[in-house]
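Results of the structural survey
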Protein chains: 2
Amino acid sequence: MANRRASITDLAKALNLSTSTISRALADHNDVSEATKKRVRELAEELSYQPNQLAAALRRGRSNTLGVLVPHITGNFFPQVVNGIALEASKAGFNVMICQSNEDVKQERKNIDLLMNSQVEGILVSVSNTTQDFGHFDAVRSQDVPLVFFDRIVEGFRGNNVSAVMLDDYQGAYQLVSHLIEQGCTRIAHFTGPLHINIHKNRHQGYRDALTAHGLEIDEDLISVMELNQKTGTAAMKRMLKQSNVPDAVFASNDLAAVGAMQAAKAQGLRVPQDMAIAGFSNEVFTSLTEPTITTVDQGCETMGISAVRLLQKMLNGNPDRQAQPRNVVLRPKLLVRESSLRKPE
Amino acid sequence: MANRRASITDLAKALNLSTSTISRALADHNDVSEATKKRVRELAEELSYQPNQLAAALRRGRSNTLGVLVPHITGNFFPQVVNGIALEASKAGFNVMICQSNEDVKQERKNIDLLMNSQVEGILVSVSNTTQDFGHFDAVRSQDVPLVFFDRIVEGFRGNNVSAVMLDDYQGAYQLVSHLIEQGCTRIAHFTGPLHINIHKNRHQGYRDALTAHGLEIDEDLISVMELNQKTGTAAMKRMLKQSNVPDAVFASNDLAAVGAMQAAKAQGLRVPQDMAIAGFSNEVFTSLTEPTITTVDQGCETMGISAVRLLQKMLNGNPDRQAQPRNVVLRPKLLVRESSLRKPE
DNA sequence: TTGAAAGCGCTAACAA
DNA sequence: TTGTTAGCGCTTTCAA
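For the structure given in this document, a descriptive report is provided here. (Residues numbered from 1 in each chain as written. Chains lettered and ligands numbered in written order. Predicted model: local features only at pLDDT ≥ 70, side-chain atom pairs only at ≥ 80, totals over all residues. Heavy atoms only, no water.)

1. Regarding the packing of helix α1 (residues 8-15) of chain B against helix α3 (residues 34-46) of chain B
Residues and elements named next belong to chain B. Closest axis-to-axis distance for the α1/α3 pair is 11 Å, and the angle between their directions is 120 degrees. As the angle between them shows, α1 and α3 are arranged oblique. The chirality of how α1 crosses α3 is right-handed. Of α3, the residues touching α1 (which contributes Leu11, Ala14 and Leu15) are Arg39, Val40, Leu43 and Ala44. When the residues that make up the contact of α1 with α3 are grouped by side-chain class, the tally is six nonpolar, no polar and one charged. (Axes fitted to C-alpha atoms, helices over the stretch in contact; angles between N-to-C directions. Helix = DSSP H or I, 4+ residues; strand = E, 2+ residues; numbered from the N terminus. Parallel < 35°, antiparallel > 145°, perpendicular 65-115°, else oblique. Left-handed = near helix turned anticlockwise from the far one by under 90°. Contact = heavy atoms within 4.5 Å. Nonpolar A, V, L, I, M, F, W, Y, C, P; charged D, E, K, R; others polar.)

Here it is in structure tokens:
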């Protein structure tokens, strides 16, 4: 039973060779004879030898591992980004260690410690909502471990080895609202989340600027700030339908609120999109399952993960143009026009 | 800049103490004077000392890490299970290393190797669809690393240190179909995935047995085997509505197909649930966003993750009753009755 | 209460 | 082409 794992030393003893020869043979160095390599490989196979990465990493001073820290590993957005990260990291020969903060600063701090202790060669992080103090990132920065913030970035946190990748929420909203205007909507309501949150602030600004750019007035009565979910979306829609100035479209800053709004509109007998166009943001799975399907903005989650890793690679030791200031990347989201906003044939 | 990470040796030199004393002080051993501990801790803080887990793990022969291998880290199900795993593992003081196979045996094999090389103390795995050969798990078993299969298990793969946790799909389906019958449905169609896949086989059997138990005949014309998604659900529903024996309910083996079926029914002017009751399986997010909301079966994903870790712990060294045969756990799913099947007031 | 010394498994100079 | 030796950073006996 308890087959102790075979080590290089075991192989060396069995074959009457030194550990260095074994090590070199396994690494396929070219200063080992083919004959020896063959013997080593065969025995390794037979004993189902597994190299001990811990030892190798310790010796090399390189763990070959990247750390990822996200608020959640559930939901739609983060798993997809992490997927992108895992994909790109694996291409570059890195393993990935994934942690979640559960939107809790304490957890976040603990996880950063964990990642640092695990000697990761770089860290990709999307900060928790509740994070106000960023001291734990100082440790990362001061030890010169490359750090990439994605999606939820820490404004003003600069450093030699700090980059960021984010989404151009402003552009996404701008495009979306422009599309609604082109469809003939003139009284476009906006359901937004708390405006101190970046993504909502930016989407909101995109909304305002798109209206202005197309010569439409901004009607503050058509703007509603709330915690965005299905219930609040429904409630806000109901409220607006009682106003004197009823909207002919709703742009909700997330898809859940859009669904809620759509359901309320339909419940009042309005046709979507003819009487009321609806649009959301994020391209959640369910937006293509509702009736009608919901126009939204795709965030290219995977692309974000990929970009983040590439940014990180630029900062890693051994990169020739490492001197160059690490760049920040802003990704363009993609408008997805679906039934809920399409009044005119395309 | 490049603040080399402080090591115990550094602390020892700076304080004129031996590395062993430092190590003990940091570990809060009680054979170190409080005064010394204080000095050590303060300096450690000042130099923002981070213990090197690689070295500690190597020395101890314990990595304190569990490995998780899932087909995907996206979607609804697996992230939630992984969440449960992470939760419970963290409680027990374990870190978690997460890998995805992307439903590819090769990746799966590579990942198992990676986990073994990383000296994980146990592995939790849900096997890829395409896995036919299970040789890579032999390595795990023979090295006596505890192995827990969850959800997608390998039938007949037994071992001293192998357990499994799965869902009682049969029961879930049985309950669900019984519910439909209680609601007055008598011609219940079943949309199922390929029957060589376990979950579908079991759900299908639950369906059949529930009908029989309630004295209903099984009509093979009401059973449709397909790749389950929204499109195929729609198509199957349309087909059935043209049959002579039109169903009055549909139990789809996943939620996507249920949505598709519901949309087709509504498109034909049928009322859901009055004319056609609809039910799915898995409690995907969107099932509570459709109109009407969809009756489904919740799989208790998090619970599955938690159970898996507990099962693993039972097999770890140091467990007193480790001798006891590792158990397999079967979890009870939970019926969620929603609007799409509720004909009678509750 | 502290220190000396060994060694986890591996790699990489340097030597032969 | 192979071996010798040292050491990555840590923990842990054993001795003082």
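2. Some details on the relation of the copies chain B and chain A
Relative to chain A, chain B is turned by 180 degrees and slid 0.0 Å along the rotation axis, the superposed coordinates differing by an RMSD of 0.0 Å. Here the copies are linked by what is in effect a two-fold axis. A shared binding surface is used by both copies, with 100% of the interface residues of chain B retained as interface residues in chain A. (Least-squares fit on C-alpha atoms with pLDDT ≥ 70 in both.)

3. Focus on the protein's contact with DNA strand C
As a matter of local geometry, DNA strand C sits amid 26 residues, with Ile8(A), Tyr49(A), Arg59(A), Arg24(B) and Arg59(B) nearest to it. Per the 4 Å cut-off to the protein, sugar and phosphate atoms form 61% of the nearby atoms of DNA strand C. Within the side chain of Arg60(A), an N or O atom sits 3.4 Å from a phosphate oxygen of DNA strand C. Here a phosphate oxygen of DNA strand C sits 3.1 Å away from a polar atom, N or O, in the main chain of Ser33(B). Those elements that provide at least two residues to the surface near DNA strand C are α2 (19-26) and α4 (53-60) of chain A together with α2 (19-26) and α4 (53-60) of chain B. When grouped by side-chain class, the residues that make up the surface near DNA strand C number eight nonpolar, 12 polar and six charged. (Near = heavy atom within 4 Å. Polar contact = N/O pair within 3.5 Å; in protein donor to acceptor, adjacent residues only side chain to side chain.)

4. Observations regarding the packing of helix α5 (residues 77-91) of chain B against helix α12 (residues 301-315) of chain B
For any two helices packed against each other, one specifies the inter-axial angle together with the distance between the axes. Residue and element names in this part refer to chain B. Close contact between α5 and α12 brings their axes to 7 Å; oriented N to C, the two are set at 45 degrees. Viewed along their axes, α5 and α12 adopt a mutual orientation that is oblique. Viewed along their axes, α5 and α12 form a crossing whose handedness is right-handed. Judged by residue contacts, Phe77, Gln80, Val81, Asn83, Gly84, Ile85, Leu87, Glu88 and Ala89 of α5 engage Cys301, Glu302, Met304, Gly305, Ile306, Val309, Arg310 and Gln313 from α12. Looking at the contact of α5 with α12 residue by residue, the classes come out as nine nonpolar, five polar and three charged.

5. Notes on helix α7 (residues 135-142) of chain B
Residue and element names in this part refer to chain B. All of the buried residues along α7 are His136, Phe137, Ala139 and Val140. Axial view of α7: buried residues confined to an arc of 145 degrees, hence all on one face. Looking at the buried positions of α7, the neighbouring elements they touch are α6 (105-117), β3 (122-125) and β4 (147-150). At the C-terminal side of α7, Asp144 shows a positive phi close to 65 degrees. (Buried < 20%, exposed > 50% of the residue type's maximum accessible area, 1.4 Å probe, protein only. Arc of directions from axis to C-beta.)

6. Remarks on the protein's contact with DNA strand D
Near DNA strand D lie 27 residues; those nearest to it are Ser20(A), Arg59(A), Ile8(B), Tyr49(B) and Arg59(B). Here the atoms of DNA strand D within 4 Å of the protein split so that 58% fall in sugar or phosphate, with bases taking the remainder. Residue Ser20(A) places a side-chain N or O atom 3.0 Å away from a base oxygen belonging to DNA strand D. Contact between DNA strand D and Ser33(A): a phosphate oxygen at 3.1 Å from a main-chain N or O atom of the residue. Taken together, the elements giving at least two residues each to the surface near DNA strand D come down to α2 and α4 of chain A together with α2 and α4 of chain B.

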